[in-house]
Amino acid sequence: MGKMKKLPDAEFAVMKVIWANEPPITTNIIMSQHGNEEGWKLQTAISLLLRLVERGFLRTEKNGKERTFFPLVDKEDYLAFETGEFVKKFHGDSVLKFINAAYKDKALSDEDISELTELLKKGRE
């Protein structure tokens, strides 16, 4: 896959369903676990899945009349990409500024701070 790009919300929602299930994934799985609650028509799910194929996030196979889908991008890789883009865009590519903003807004608990400290110590070893 070339350079990863940010997914629109609807495509990201589809990928979350895909990551939560064992492949192969079908449109019926997407509809039952997300599409129906969003009020999607079956064609909407199919269109989103095919867009994800075009973007390189999925591969597809045709099995008789049914098309199945397989993830090509790991959830952790995508989340790391998204987090990096967020830090770059909103915090000047500074993890320290990001952590300061989260701490200032009381989004970090004492336990979170302890875990971050341990991670930083491990990173130096």
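Residues numbered from 1 in each chain as written. Predicted model: local features only at pLDDT ≥ 70, side-chain atom pairs only at ≥ 80, totals over all residues. Heavy atoms only, no water.

Observations regarding the confidence of the model for the protein
Selection rule: Scored from 0 to 100, pLDDT records how confident the predictor is in each individual residue. In this description a helix means any DSSP run of H or I spanning at least four residues, a strand means any run of E spanning at least two, and both kinds are numbered starting from the N terminus.
In this model, the protein carries an average pLDDT of 91, and 95% of its residues clear a pLDDT of 70 or more. Considering each helix and strand of the protein separately, the mean pLDDT is smallest for helix H5 (residues 95-104), with a value of 80, and largest for helix H1 (residues 9-19), with 98.

Quick notes on the packing of aromatic side chains
Basically, it comes down to this: Ring pairs shown here join Phe, Tyr and Trp side chains whose ring centres sit within 6.5 Å, with only the six-membered ring taken for Trp; geometry is labelled stacked below 30 degrees between planes, edge-to-face above 60, and tilted in between. Burial classes: relative accessible area under 20% of the type maximum marks a residue as buried, over 50% as exposed, and values in between as partly exposed (1.4 Å probe, protein chains only).
Applying the stated criterion across every chain, the model contains 7 aromatic pairs. With a centroid separation of 6.2 Å and an interplanar angle of 70°, the aromatic rings of phenylalanine 12 and tryptophan 19 are classed as edge-to-face. Among the residues examined, phenylalanine 12 registers a relative accessible area of 23% and is labelled partly exposed. Take tryptophan 19: its relative accessible area is 18%, and that puts it in the buried class.

Quick look at the side chain of histidine 91
How we decide: Should any heavy atoms of two residues lie within 4.5 Å, those residues are counted as being in contact.
Relative to the helices and strands, histidine 91 is located in helix H4 (residues 75-91). Setting aside anything within four residues of it in sequence, one finds histidine 91 in contact with Phe86, Lys97, Phe98 and Ala101.

Here we look at the layout of surface pockets
A probe as big as a water molecule, rolled over the atoms, marks out the empty space that is left. Heads up, the rule is: Lining residues are defined by having an atom within 4 Å of a point belonging to a cavity or pocket. Those points lie on a 1 Å grid over the protein atoms alone, cavities being sets where a 1.4 Å probe fits but cannot get out and pockets being open sets with protein on both sides within 12 Å along at least five of seven lines. Grid points are joined across faces, edges and corners, and a volume is the space filled by probe spheres set on the points. Under this grouping Gly is polar, as are all residues other than the nonpolar Ala, Val, Leu, Ile, Met, Phe, Trp, Tyr, Cys and Pro and the charged Asp, Glu, Lys and Arg.
Empty space within the largest pocket amounts to approximately 170 Å³. Across the lining of the largest pocket, the residue classes break down as 4 nonpolar, no polar and 6 charged.

Comments concerning helix H3 (residues 42-54)
So the rule is basically this: Multiplying 1.5 Å by the helix residue count minus one yields the expected span of that helix.
Relative to the 18 Å expected for 13 residues at 1.5 Å per residue, H3 spans 19 Å between its end C-alpha atoms, a close match to the ideal helical length. As for H3, its buried residues are in contact with H1, helix H2 (27-38), strand S1 (58-63) and strand S2 (66-71). Two residues or fewer past H3, glycine 56 is found with a positive phi of approximately 90°.

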